[in-house]
Amino acid sequence: MILTGTRQIGKSFLIRHVGKKLFKNFIEINLVEDSAGNRLVGKVKTTQDFYLTLASLAGTSFGTRDDTLIF
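Residues numbered from 1 in each chain as written. Predicted model: local features only at pLDDT ≥ 70, side-chain atom pairs only at ≥ 80, totals over all residues. Heavy atoms only, no water.

Chemist: Requested: an account of the side chain of N25, with residues and values cited.
Modeler: With respect to the helices and strands, the residue N25 is situated in strand β1 (residues 25-27). For N25, the side chain forms a polar contact with the side chain of T68, separated by 3.4 Å. (Helix = DSSP H or I, 4+ residues; strand = E, 2+ residues; numbered from the N terminus. Polar contact = N/O pair within 3.5 Å; in protein donor to acceptor, adjacent residues only side chain to side chain.)

Okay, structure coming up:
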């Protein structure tokens, strides 16, 4: 999903709020501020690689693909 809009109107707030309400697990990756984000996408070639790497970084906060929102 791509969410667009002007700055400072609550886009990220809305995703965090709804994500935490509707999903059992919510994982936020900030590629600008989080060095783990660069490790996550740096060498990933497939979606399976992505989920395996994310699960190792997120630890217990990662459930299944069906009950986890990755933002």
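Chemist: An account of the side chain of T68 is requested, with residue identities and associated values reported.
Modeler: Structurally, T68 is set in strand β2 (residues 68-70). The class for T68 is buried, based on a relative accessible area of 9%. Every residue in contact with T68, bar those within four places of it in the chain, is listed here: F23, N25, I27, F62 and G63. (Buried < 20%, exposed > 50% of the residue type's maximum accessible area, 1.4 Å probe, protein only. Contact = heavy atoms within 4.5 Å.)

Chemist: Quick one: what's the story with the environment of N38, residue by residue and with numbers?
Modeler: Note on placement: N38 falls in helix α2 (residues 35-42). On the basis of relative accessibility, which here comes to 45%, the residue N38 falls in the partly exposed class.

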